[in-house]
Amino acid sequence: MKHKSTHKKYMKKALKLAAKGVFTTGANPRVGCVIVKNDQIIAQGYHKRVGGKHAEVNALSRIKGNDAEGSTVYVTLEPCSHYGKNPPCAEALVKAKVKTVVVCNDDPNPLVAGKGYHLLKQAGIKVITGVLSKQGIDLNRGFFHRMKTDLPWVRCKMAQSLDGRTAMSSGESYWITGDKSRADVQFWRGRSGAIITGIDTVLLDDCRMSVRPESFSKSNRKIPHDFDKKQPLKVIVDSHLRIPLNAKILHKPNQVLMVSTVDNNDKAKKLKSLGVQIKVMKGKSGSVDLAQLIAYLGKQQINQVLVESGATLAGGLLNEGLIDELLVYTAPVIMGSSARPLLKINIEEMSQRLHIKPISLKTIGKDWRLRALIIK
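The rules behind the values
- Here the residue index of a chain counts from 1 through its sequence in written order.
- Where local features are concerned, this predicted model is filtered to residues with pLDDT of at least 70; where side-chain atom pairs are given and counted, the filter is 80 or more; whole-chain, interface and lining totals use all residues.
- For side-chain calculations, the full set of non-hydrogen atoms in the structure is used, while hydrogens and water are omitted.
- Segmentation of the chain into domains, including their bounds, is taken from an automatic or database domain assignment.
- Simply put, the buried area is the total loss of 1.4 Å probe accessible area from both parts when two parts are fitted together.
- In what follows, salt bridge is the name for a side-chain nitrogen of Lys or Arg lying within 4 Å of a carboxyl oxygen of Asp or Glu.
- Polar contacts, as used here, are pairs of N or O atoms within 3.5 Å; protein pairs need one atom able to donate a hydrogen and one able to accept it. Residues neighboring in sequence count only if both atoms are side-chain atoms.
- Here the nonpolar group is Ala, Val, Leu, Ile, Met, Phe, Trp, Tyr, Cys and Pro; Asp, Glu, Lys and Arg are the charged ones; every other residue, Gly included, is treated as polar.
- Cavities and pockets are found on a 1 Å grid laid over the protein atoms alone: a cavity is a set of points where a 1.4 Å probe fits but cannot escape, a pocket is an open set with protein on both sides within 12 Å along at least five of seven lines, and a lining residue has an atom within 4 Å of such a point.
- Grid points are joined across faces, edges and corners, and a volume is the space filled by probe spheres set on the points.
- Helix numbering and strand numbering both begin at the N terminus, where a helix is a DSSP run of H or I of at least 4 residues and a strand a DSSP run of E of at least 2.
- Each residue gets one of three labels from its accessible area relative to the maximum for its type: buried under 20%, exposed over 50%, partly exposed in between, using a 1.4 Å probe on protein chains only.
- A pair of strands is considered paired only if DSSP assigns at least 2 bridges between the two.
- UniProt positions are given in the numbering used here, feature names are shortened, and annotations may be inferred rather than shown by experiment.

## Details of the domain arrangement of the protein chain
- Split into domains, the protein chain comes out as domain 1 (1-138) and domain 2 (150-374).
- A straight line from the C-alpha centre of domain 1 to that of domain 2 covers 34 Å.
- Surface buried jointly by domain 1 and domain 2 totals about 1,000 Å² across both partners, of which 50% is contributed by carbon and sulfur atoms.
- Between D226 and R49 there is a salt bridge whose closest N-O contact spans 3.1 Å.
- Connecting domain 1 to domain 2 are 5 residue pairs in polar contact (both at pLDDT 80 or more).
- Looking at the side of domain 1 that touches domain 2 residue by residue, the classes come out as 5 nonpolar, 3 polar and 4 charged.

## Some words on empty space enclosed by the protein
- Tallied over the entire structure, the rule returns 1 cavity of 30 Å³ or more.
- The computed volume of the largest cavity comes to approximately 40 Å³.
- Taken together, T25, G26, N28, P29, R30, L139, N140, R141, G142, F143, N303 and Q304 make up the full set of residues lining the largest cavity.
- At 3 residues, helix α6 (residues 141-149) tops the list of elements feeding residues into the lining of the largest cavity.
- Its residues placed into classes, the lining of the largest cavity shows 3 nonpolar, 7 polar and 2 charged.

## As for the pairing of strand β10 (residues 256-260)
- Of all 5 residues in β10, 5 are buried, a share of seventy percent or more.
- With 4 bridges joining them, strand β9 (residues 233-237) and β10 adopt parallel strand pairing. Looking at the pairing, K234 lines up with V256 of β10.

## What to know about the UniProt feature "active site" (unreviewed entry) in the protein chain
- When the UniProt feature table is mapped onto this chain, "active site" (unreviewed entry) is found at E56.
- When you line up the elements, E56 lands in helix α2 (residues 55-60).
- Looking at E56, the relative accessible area reads 3%, which means it is buried.

Pasting the structure below:
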C-alpha cells in the first residue's frame, strides 16, 4: 500500500507538469516526467511543444553523469519506441539504467502501443502501468480519441439560463453568464486545435473567437502559451458564404477555414484573396456535410475541437452523433418560454432522448459548469 500511495504522489506531480503543455503541444500528447531516487526528486520535465524534446529526455538532461542509474521514473504516457522528430525515449531510459518506470497511460499510437514497454522489459527494467489513468485520460482525451478513431474529440460549449434558454426571441443574448465563466471558456478555447462556429453566430455577434490570455483566470495565466503567434484554427460553417468581408473573425484570415457548399463565386474569390481557406463539403441535403468536416479536421491532426455556435449547428452536430462532450454553463436566471432554446434537435418520443454521463459539476462564480459525455 505504501508503494501505491508513493506512486500516486509522484504521478500527480508528473500530471501537473504535463498540464503545462496544454496550450502548446498541438497534435502531440501532453506528457510529464518525474525522476525519483532515494525518495527524492532528482529531475523533472515535460513535453513543451511539437518538435521539441519529449518529457523523459527533458528530465534526463537535468541529471549529471550516471545519477539516473537505479532511479524510478514516473511518466504520464508510455515511453516512445520509434524514431520521429526525436529519438526513442525508451532507449534513453535504458541507456540511463533506470530501475523502474511507472506509467499513467498506455500509448494508443500504433507506432508505440506496447513497443515502448517491450524495450524497457527487455533491458530488465520493471514497468508499472495504470497509475492515475483516469486523470491522464482526461488530460489527453483528444490525442487518445484521434489515435483510435482518426477523429478529433469534439467538445460543445453552450451557455444557458436555468430554464434552458440562450437568447431572447429578438436574438438579444448579451452575457447570460458571468465574468468567471467567460474566463473559463477562454481556457477551453486555448486547449483546442480548432473552434467551430456557424455563420448565424458570426452575423449576430460579430465575434472574434480568439483566445485572449489576458482574460484567463489567475491560475491559467501561468500556463505557457504562444497565442500571440498562433491561435486555434477558426472554422466557420457558412453554406452560402454570407460572411461580411469586414467581419472581426477574419482579422487573421490565414487562420480561418470557411466550410461551404460553394467556392467559385465572387465572394469566394475575395475571401481567397485575403488568405482565407475555403473547403467545399456539400452534403445530401444541400447544406454542409458536418461529418466530412469533423473527419477533415482529424486528418489535419487536430486533437480537440471546441464548438461555439447557435442552437441549429450545435443541434445538427449532436443529431449526427458528432459531439463527444458537452460543456454547459448555466446562469441563475430565468428567461421565459418565448426565449430561444439551447438546441434545435427533433426528438418526438421518449425513446429517442439522448443520454449523458456527467464528468463534473462545478460552481464558477455565480454560475454552474457541467461537463458531460454523450452516451452513444
